[in-house]
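Examining the three-dimensional arrangement
Here's the letter readout for the chains.
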Amino acid sequence: MSELDLAQAVLAGDRLALARTLSHVENNTTEGRSTLSKLFAHTGHAHLVGVTGASGTGKSSLVNQLARYYRHPGEGLLPLRVAVVAVDPTSPFTGGAILGDRIRMRDLAGDPGVFIRSMATRGSLGGIASTTAAVVQVLDAAKFDMILIETVGAGQSEVEIAHLAHTTLVVEAPGLGDDIQAIKAGILEIADVLVVNKADLPGVENTERALRGSLDLAHPLPQRIRHHGQFETVPGQDDRIEAAEPIWETPIIRTVAIEGTGIPELVKAISDHRTHLDATGGWVLRERWRLKTELDMLLTNRLVEGFYTSLPAGVYDNTLQDMLERRISPYQAVEKLIEMVI
Amino acid sequence: MSERKIRVLIAKPGLDGHDRGAKVVARALRDAGMEVIYTGLRQTPEMIAEAALQEDVDAVGLSILSGAHMALVPRVLELLKANGQEHVKVFLGGIVPDEDVPVLLELGVMGIYGPGTLSNTYTNEIHKAVIAART
């Protein structure tokens, strides 16, 4: 299939073309980049929902239930087209991966309004792969209304999903740690909606109390201001982009994913967040933030790659050897290499 | 640019619940550097073909110990073809009687790896078959 055909076929709803395009984009091929460039104008419509949390909290089962709900919303509501991007880790030793999230998503089989794609992290450490953003763009162009992005089992610092999704769900379960875990920096800070899954297990009250306590004291993200119900502007790290996002009170929703308990409430929380973003201009802020993150990443990769290829042969190895023999420090090595190129 | 990973779907069609073999094979393929999409028990041929399409896999491994291979395998091959995925390599594990082996190979099955097969044997053969199909 030629590039033009591939982009057109994706827009026309051809599922094989979509699957192929996703592979091209994931492998960062020339064809993938040019197809994505053609599709990009058609993106920006889907609601991107990130689902993150520790291993075994039930992320895949929740995604399964959410997708089911969106496909069968009831009460004369139109079903939404749902894509799922499920990320699992790549082995740092062999480069292989077991992608097992589909096991929990069998209810979605046979529905042409659902498309599930598994991805391996391929060395990225932030909980998603470096090409997940691009994969999501292709699905967006393919006219999926909701895109659910499930991260790898994430503990404390895998917060990249917050730069990709419009709405981030952080999934917790009873019995995973004491209340100190809840006040550590990291994953709880990115939650737009907190989900306590497996809420039929003992200890659910303690888990919810700890989470609620940590939310009351929540340290605001740079772009989000929460000060006892008042708007307040604080300078961000980067004044070109940062602006105050109006207050959103993070709700805590109890679910039992395998039974479907709490799913309507969770769906409502997600759509409330969407309404909030639309009403307050937060949507535009997040879009800007999302695209800035991607631009920065691509720019950095391109510059670094270009830098290495423009180094004269042998210079890098010689510099490394100088460092090994303690003739120059790492800082001096960097200065030396940069001077060679500029 | 970046190296293209081999993607393999491992599925258990039919009704038997013995998934130890499928998990061992999934693990061996992972250790051979492949990305293995594991779909679990009791998959219909339709579910398998759909997953193979969405995941754009290079190969599909079916583990069958129920004796239903002569019904399930041709159906999976048919559906893959109908979806435009005739290039996808299909291999089998589990219990396949000797007299069925030539019939299945004739149908287009890439390899049949029963109990006792060394993991190197099938990882190497799958690797070779996939690379050959790409060029």
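Residues numbered from 1 in each chain as written. Chains lettered and ligands numbered in written order. Predicted model: local features only at pLDDT ≥ 70, side-chain atom pairs only at ≥ 80, totals over all residues. Heavy atoms only, no water.

1. A word on the packing of aromatic side chains
All names here are of chain A.
- This model, assessed by the stated rule, comprises five aromatic pairs over all chains.
- Ring centres 6.0 Å apart and planes at 70° place the aromatic pair phenylalanine 307 and tyrosine 308 in the edge-to-face group.
- Residue tyrosine 308 is classed as partly exposed on the basis of its relative accessible area, which comes to 45%.
- Directly above the aromatic system of phenylalanine 144 lies the positively charged group of arginine 81, at a separation of 4.3 Å from the ring centroid.
- Taking the ring centre of tryptophan 283 as reference, the NZ or CZ of arginine 274 above it sits at 3.9 Å. (Phe/Tyr/Trp six-rings, centres within 6.5 Å; stacked < 30°, edge-to-face > 60°. Buried < 20%, exposed > 50% of the residue type's maximum accessible area, 1.4 Å probe, protein only. Lys NZ or Arg CZ within 6 Å of the ring centre and 35° of its normal.)

2. Let's talk about the sheet that holds strand β5 (residues 111-113) of chain B
- Taken together, six strands build an open sheet; the order of strands is β3(A)-β2(B)-β1(B)-β3(B)-β4(B)-β5(B) and the sheet is parallel. Two strands bound the open sheet, and with one partner strand each, they are β3 (97-99) of chain A together with β5 of chain B. Averaged over all adjacent pairs, the angle separating strand axes in this sheet is 20°, with direction ignored.
- Packing against the sheet, helix α1 (residues 20-31) of chain B makes contact with β3 of chain A together with β1 (7-11), β2 (35-38), β3 (59-64) and β4 (89-94) of chain B, and its axis sits at approximately 155° to β2 of chain B. (Pairing = 2+ DSSP bridges. Helix = DSSP H or I, 4+ residues; strand = E, 2+ residues; numbered from the N terminus. Axes fitted to C-alpha atoms, helices over the stretch in contact; angles between N-to-C directions. Contact = heavy atoms within 4.5 Å.)

3. Quick look at the domain arrangement of chain A
Residues and elements named next belong to chain A.
- What the domain assignment lists for chain A is domain 1 (1-40), domain 2 (43-282) and domain 3 (311-341).
- In total, about 1,600 Å² of surface goes out of reach between domain 1 and domain 2, with carbon and sulfur atoms giving 59% of it.
- When residues of domain 1 are sorted by the area they lose upon contact with domain 2, Arg15, Leu22 and Glu26 head the list and together hold 42% of the total.
- Counting across the domain 1 and domain 2 interface gives two salt bridges. (Domains from an automatic or database assignment. Buried area = accessible area lost by both parts, 1.4 Å probe. Salt bridge = Lys/Arg side-chain N within 4 Å of Asp/Glu carboxyl O.)

4. Observations concerning the pattern of salt bridges
Residue and element names in this part refer to chain A.
- Under the definition given, this model contains 29 salt bridges over all chains.
- Of the charged contacts in the structure, one is a salt bridge between glutamate 26 and arginine 117, with a shortest N-O distance of 3.8 Å. Note that glutamate 26 is positioned in helix α2 (residues 15-26) and arginine 117 in strand β4 (residues 114-120), a separation of 91 residues in sequence.
- You can call glutamate 26 buried: its relative accessible area is 6%.

5. A look at the interface of chain B and chain A
- Between chain B and chain A, the contact holds 32 residues from the first and 31 residues from the second.
- Both sides of the chain B and chain A interface together cover about 2,600 Å² of buried area, and 47% of this is carbon and sulfur.
- Counting across the chain B and chain A interface gives five salt bridges.
- Between glutamate 50 of chain B and arginine 15 of chain A there is a salt bridge, with its nearest N and O atoms 3.8 Å apart.
- Where chain B meets chain A, there are 19 residue pairs in polar contact (both at pLDDT 80 or more).
- For the side of chain B that touches chain A, the elements supplying multiple residues, two or more each, are α1, β2 and α2 (45-55) of chain B.
- It is α2 of chain B that provides the largest number of residues to the side of chain B that touches chain A, a total of six residues. (Polar contact = N/O pair within 3.5 Å; in protein donor to acceptor, adjacent residues only side chain to side chain.)

6. Side note on the pairing of β4 of chain A
All names here are of chain A.
- Counted residue by residue, β4 has seven buried out of seven residues, so it is predominantly covered.
- Inspection of the sheet shows strand β2 (residues 82-88) paired to β4 by seven bridges, in the parallel sense. Within β4, the residue paired with valine 82 across the bridge is valine 114.

7. Details of empty space enclosed by the protein
- According to the stated counting rule, one finds two cavities of 30 Å³ or more in the structure shown.
- Size it by volume and the largest cavity reaches roughly 140 Å³.
- Lining the largest cavity are 13 residues, with Arg102, Met105, Arg106, Ala109 and Ile116 of chain A positioned closest to its centre.
- Elements supplying a minimum of two residues to the lining of the largest cavity: β4 of chain A together with α2 of chain B.
- The element that contributes the greatest number of residues to the lining of the largest cavity is α2 of chain B, accounting for four residues.
- Of the residues belonging to the lining of the largest cavity, the class tally is seven nonpolar, three polar and three charged. (1 Å grid on protein atoms, 1.4 Å probe; cavity = no way out; pocket = protein on both sides within 12 Å on 5 of 7 lines; lining within 4 Å. Points joined across faces, edges and corners; volume = space filled by probe spheres on them. Nonpolar A, V, L, I, M, F, W, Y, C, P; charged D, E, K, R; others polar.)

8. Some details on unusual backbone geometry
Residue and element names in this part refer to chain A.
- Within the chain, asparagine 28 stands out as a residue other than glycine whose phi angle is a positive 55°.
- Within the secondary structure, asparagine 28 sits in the loop between α2 and α3 (30-39).
- For asparagine 28, a relative accessible area of 28% corresponds to the partly exposed category.
- Its identity is not glycine, yet arginine 326 carries a phi of approximately 65°, on the positive side.
- Checked against the element boundaries, arginine 326 lands in the loop between α11 (315-324) and α12 (330-341).

9. Describing the side chain of arginine 290 of chain A
Residues and elements named next belong to chain A.
- Mapping arginine 290 onto the fold places it in helix α10 (residues 282-310).
- Judged by its relative accessible area of 12%, arginine 290 is buried.
- Polar contacts involving the side chain of arginine 290 include one to the main-chain carbonyl oxygen of leucine 164, which spans 3.0 Å.
- Only 3.0 Å separates the side chain of arginine 290 from the side chain of glutamate 287, close enough to count as a polar contact.
- Excluding anything up to four places from it in sequence, arginine 290 contacts Leu48, His163, Leu164, Ala165 and His166.

10. Structural notes on the packing of helix α4 (residues 59-71) of chain A against helix α9 (residues 263-280) of chain A
Residue and element names in this part refer to chain A.
- At their nearest, the axes of α4 and α9 sit 10 Å apart, and the two run at 80° to each other. By the criterion of interaxial angle, the relationship of α4 to α9 is roughly perpendicular. Here α4 contributes Leu62, Gln65, Leu66, Tyr69 and Tyr70 to the contact with α9, which in turn contributes Ile263, Pro264, Leu266, Val267 and Ile270.
- Tallied by class, residues from the contact of α4 with α9 come to nine nonpolar, one polar and no charged. (Parallel < 35°, antiparallel > 145°, perpendicular 65-115°, else oblique.)

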